[in-house]
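# Report on the structure
Take a look at the letters that make up each chain.
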Amino acid sequence: MLYLIYASKEAAIERADEEGKELGFDYWIEDNGIGTRWLTYPAETADHMWALDVTNYDLDESEESSTVDHYTPLPDED
Amino acid sequence: MHVSLDSALGRQRRLNSVGESVLQIAPNAAAAYSLRSLTGGDPKVVRVRREIDNAESDFTAAGISSGALTSFVNDIQTVGTAVNGTGSFDNYTVSNLSNTGFSADNSAGGTGSAGFPYVFKDEDILIVKYTVTNFSSTASLSPQIRGVSATNSVTGKTNSGTAFTANGTYTDVLTATADGTHLMFADGNTGSYTISDFEIVSHSSSGFVETWYDQSGNSKDAVQATAESQPKIVSAGILVTEGGLLFNGDTNFFDIGSSISLGTEFFFTGVLNRNSRVDANGTIIGNDGGGGGNRAFINSSTNTIGIRDGDANIQSSLVPSDSSDSLISYQASASSFTFILNGTTNVKSALTGGQAFRYMGGGSGFNLSVNLKELIVYDTDQTANRTAIEANINSHYSIF
């Protein structure tokens, strides 16, 4: 798995939106706010950053050089 | 308002009336999900995304049983105009390129490839048909079709088709082992041939549920807008083995948009077939986006159904089957809390912490690994209706 780490959830969602548009998900085609929007959704990390699974994303060179192969998730609540 | 005799007498309902639906037996569900009609009509039940091109469509219960859903998922995509291989595999001289054929000459030798742009996904099954004419082998010419992920590669993302050595019409079944973009004929020997009448006979693909519609009338549709978190409903062209929605125990879950407060008096029932576990203590229903917290779950150590209430786990002795459907119910009343599995009860003390329902199948964690066929949630005590509701469900699924 490959992840990009973002400082904010908004920035991570912005990248997820970009990929969703690229993939032609229904949410973007019909522009009606329903249907699939993202391929993956960011998850909060233990240090309160946001990890986006980009394993199947079309990454540019800058992004490719910034990926990490793991992150530490927030601890389970149970 | 209709009041049954049993209800008027304060007794538990024992029987369904003929033809009565679950929501006619106990109409005040807070949320109700199934692939069958729970209302007696033909309600919209799911919105499905087909994997091959991400198109989506809504389906009613009749649309599932009629095969309309699987037809939608297995829609044959457009075949592109034939192309030559590139990079190390451009040794063919190609001509007469169309979306049904081409002519290839490999007199110069080296591995050549030519074929058609056509997108397929991992686990898809394609049946292709084509006619070979003008076959002329100089030295052991024996091209084969296969799915690839680029024109500069002949590495198969499907199995290979017939290695043809003569004119004729051929039909091949190609099963994908990864995503791909082209169906290419390739060979390293010399000679020439013409492909014509190329067609995709069938394309069996996968479909995922974006929305599981609420049939209760309360618009608590269960939605998953993230593709990789959507449960699967069609795999390799057919409804998933074991039926219902396949939650993968890793990333799949639904969000109903806002919480339904269940408190300490509620009832919910569902039909599920437990699968191999991935996440620990997978959530059936809960109220935490992380998937954990106070919730109904399946204990992954004991395989028993349980509930986390007041931040403490209450475990039943009941183990849903991992090879057939189980009917599970959670009945919370003022005086007691009862787990029910296929009609067998396991009674505990009344809940004190209180529950709420927003997420189904987990969240960012605690993902449930089941085929889930039906889930009906009441935010009220349904002790009086419980056996009638379960009898209705059992009569449909023939569980016990």
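Quick caveat, the model's predicted, so the values are computed rather than measured.

Take the nonpolar core next. Generally speaking, nonpolar side chains in soluble globular proteins are found buried as a group. Membership of the largest hydrophobic core comes to 49 residues, with the highest contact counts inside it found for B:Val46, B:Trp212, B:Ile284, B:Tyr330, B:Phe357 and B:Met360. Ignoring any residue separated from it by four or fewer positions in sequence, one finds B:Ile284 in contact with B:Phe268, B:Ala296, B:Phe297, B:Ile298, B:Ile328, B:Tyr330, B:Tyr359, B:Met360, B:Gly361, B:Leu368 and B:Leu375.

What follows covers the environment of A:Leu74. All names here are of chain A. By the secondary structure assignment, Leu 74 is in the segment after helix 3 (61-64). Its relative accessible area of 33% is what places Leu 74 among the partly exposed residues. Taking the C-alpha atoms as reference points, Leu 74 and Glu 64, 10 residues apart in sequence, are found 25 Å from one another. Each residue touching Leu 74, except ones within four places of it in the same chain, is listed here: Glu 44, Thr 45, Ala 46 and His 48.

Through backbone hydrogen bonds, the strands of a sheet pair up, either in parallel or in antiparallel fashion. Taken in spatial order, the 4 strands make up an open sheet running 4-7-11-9 (chain B), and their pairing is antiparallel. Each end of this open sheet is capped by a strand with a single partner; those strands are strand 4 (83-84) and strand 9 (144-148) of chain B.

This brings us to helix 5 (residues 386-397) of chain B. All names here are of chain B. Relative to the 16 Å expected for 12 residues at 1.5 Å per residue, helix 5 spans 17 Å between its end C-alpha atoms, a close match to the ideal helical length. Buried residues of helix 5: Arg 386, Ala 388, Ile 389, Glu 390, Asn 392, Ile 393, Asn 394 and Tyr 397, and no others. Directly beyond the C-terminal end of helix 5, a positive phi value near 50° is found at Ser 398.

Let's shift gears to the side chain of B:Asp124. Residues and elements named next belong to chain B. Looking at the secondary structure, you find Asp 124 in the loop between strand 7 (112-120) and strand 8 (125-139). Buried within the structure, Asp 124 lacks any salt-bridge partner; its nearest side chain of opposite charge belongs to Lys 121, at an N-O separation of 7.7 Å. There is a polar contact of 2.9 Å between the side chain of Asp 124 and the backbone nitrogen of Lys 121. One polar contact links Asp 124 to Ser 205, side chain to side chain, over a distance of 3.0 Å. If near-sequence neighbours (up to four positions away) are discounted, Asp 124 is found in contact with Ile 52, Leu 174, Thr 175, Ala 176, His 203, Ser 204, Ser 205 and Ser 206.

Conventions adopted
Residues numbered from 1 in each chain as written. Chains lettered and ligands numbered in written order. Predicted model: local features only at pLDDT ≥ 70, side-chain atom pairs only at ≥ 80, totals over all residues. Heavy atoms only, no water. Core = buried A, V, L, I, M, F, W, Y, C linked by side-chain atoms within 4.5 Å. Buried < 20%, exposed > 50% of the residue type's maximum accessible area, 1.4 Å probe, protein only. Contact = heavy atoms within 4.5 Å. Helix = DSSP H or I, 4+ residues; strand = E, 2+ residues; numbered from the N terminus. Pairing = 2+ DSSP bridges. Expected span 1.5 Å × (residues − 1). Lys, Arg positive; Asp, Glu negative; His and termini not counted. Salt bridge = Lys/Arg side-chain N within 4 Å of Asp/Glu carboxyl O. Polar contact = N/O pair within 3.5 Å; in protein donor to acceptor, adjacent residues only side chain to side chain.

Keep in mind these numbers describe shape, not what the thing actually does.
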